[in-house]
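A structural walkthrough
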Amino acid sequence: QVQLVESGGGLVQPGGSLGLSCAATGSIFSIIAMAWYRQAPGKQRELVAAITSRSRTNYADSVKGRFTISRDNAKNTVYLQMNSLKPEDTAVYYCNATIRGDSDYALYDYWGQGTQVTVSS
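Backbone hydrogen bonds hold the strands of a sheet together, and the pairing may be parallel or antiparallel. One open sheet accounts for four strands, arranged β1-β3-β8-β7; its pairing is antiparallel. Bordering the open sheet on either side are β1 (2-7) and β7 (67-72), each of which pairs with just one other strand. The sheet shows a mean angle of 15° between the axes of neighbouring strands, direction not considered. Note: strand β3 (residues 18-26) against strand β8 (residues 77-82), six bridges, orientation antiparallel. In the sheet register, S21 faces β8, and the bridge partner there is Y79.

Written as structure tokens, this is what we have:
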């Protein structure tokens, strides 16, 4: 079993910054990719940013230039630094990881519990 534990959400004013982190623990052989998604009320969950094991990154157009995704492979942790936040960034942010298990070496997809980010004055 694998768990993704997120931290770092909260309330921030427009133009402010916030950092999220997500640590993967459990039966991990390797982590193929990690990503952040978000879901605002009444909207579908959308990809915010993703990063591969070789640190190749991909961002949603709406966050390019403002958000930065990074990872620490030694700690099995992914980070999302969010700058110049806007009210439309308000959502529940979910960590996602594609992980190869250490018992059967199969690929599994895991989700964190979600953390609320609210951008408001």
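Still to come is the rest of the account.
Looking now at the pairing of strand β10 (residues 107-111). Where strand β9 (residues 91-101) and β10 come together, five bridges link them in antiparallel fashion. What sits directly across from A97, in β10, is Y110. Between the end of β9 and the start of β10, which pair antiparallel, lie five residues, with Y105 showing a positive phi angle near 60°.

Turning next to the environment of R71. Following the sequence through the fold, R71 ends up in strand β7. Judged by its relative accessible area of 14%, R71 is buried. Taking the C-alpha atoms as reference points, R71 and L4, 67 residues apart in sequence, are found 14 Å from one another. In this view, R71 contacts I31, I32, A33, M34, I51, T52, S53, S55, T77, V78 and Y79; residues no more than four positions away in its chain are not counted. A polar atom in the side chain of R71 sits 3.0 Å from the backbone oxygen of T52. A polar contact of 2.6 Å, which involves the side chain of R71, links it to the side chain of N73.

Rules used in this analysis
Residues numbered from 1 in each chain as written. Predicted model: local features only at pLDDT ≥ 70, side-chain atom pairs only at ≥ 80, totals over all residues. Heavy atoms only, no water. Pairing = 2+ DSSP bridges. Helix = DSSP H or I, 4+ residues; strand = E, 2+ residues; numbered from the N terminus. Axes fitted to C-alpha atoms, helices over the stretch in contact; angles between N-to-C directions. Buried < 20%, exposed > 50% of the residue type's maximum accessible area, 1.4 Å probe, protein only. Contact = heavy atoms within 4.5 Å. Polar contact = N/O pair within 3.5 Å; in protein donor to acceptor, adjacent residues only side chain to side chain.

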